[in-house]
Amino acid sequence: WSDVVAVELGAGIGLCSVVSSRLGMKVIATDGDESVLSQLAANAARNSSGAGKLQPALLKWGDDSTPLEDELEAMSSNGANGGDGALPGLVMATGCVYGRDAGVWAALAKVIRYYRLIPPRSVSIT
């Protein structure tokens, strides 16, 4: 897992991100709620140790003012993901959308398309 760069969308308190980083992944854990993000940062500091790296990042779906390009490029350096540059090797989104608000789902889809988080020939498990 040490060469995998992962992005978690709607990470909340970061359980999936913490576990992934402890497995050796380089994880960018995103959330759009700044108060949740501060709790995520505290959890990351307390619980992510080992070979991986965990970086919380603000990402508000549908808002282009919270870009991830710099985080993806920094995490993907040193040949991670088989040299795919800023393309993550794994995207996690677990319980990040509740309800049927079409606007929220559209914003999530926009983020996935914009950052090319699901590349061609990939598998999506929902």
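Let us look at the structure shown here. This one's a predicted model, so the numbers in the text were calculated from it and none came from an experiment.

### Re helix α2 (residues 34-47)
Point 1. A rise of 1.5 Å per residue sets the reference length of α2, with its 14 residues, at 20 Å; its end C-alpha atoms lie 20 Å apart and thus fit the reference within 8%.
Point 2. Those residues of α2 that sit buried are L37, L40, N43 and A44. Projected down its long axis, α2 shows its buried positions confined to an angular sector of 120 degrees, all on one face. Among the exposed residues of α2, those oriented more than 90 degrees off its buried face are S35, A45 and R46.
Point 3. Against the buried residues of α2 lie α1 (15-22), β2 (26-31) and β3 (53-58).

### Topic: α1
Point 1. Turning to α1, its buried residues number three or more, namely S17, V18, S20 and S21. Each buried residue of α1 sits inside an arc of 165 degrees when the element is viewed along its axis, so together they form one side.
Point 2. On the buried face of α1, the contacting elements are β1 (5-8), β2, α2, β3 and β4 (90-92).

The rules behind each value
Residues numbered from 1 in each chain as written. Predicted model: local features only at pLDDT ≥ 70, side-chain atom pairs only at ≥ 80, totals over all residues. Heavy atoms only, no water. Helix = DSSP H or I, 4+ residues; strand = E, 2+ residues; numbered from the N terminus. Expected span 1.5 Å × (residues − 1). Buried < 20%, exposed > 50% of the residue type's maximum accessible area, 1.4 Å probe, protein only. Arc of directions from axis to C-beta. Contact = heavy atoms within 4.5 Å.

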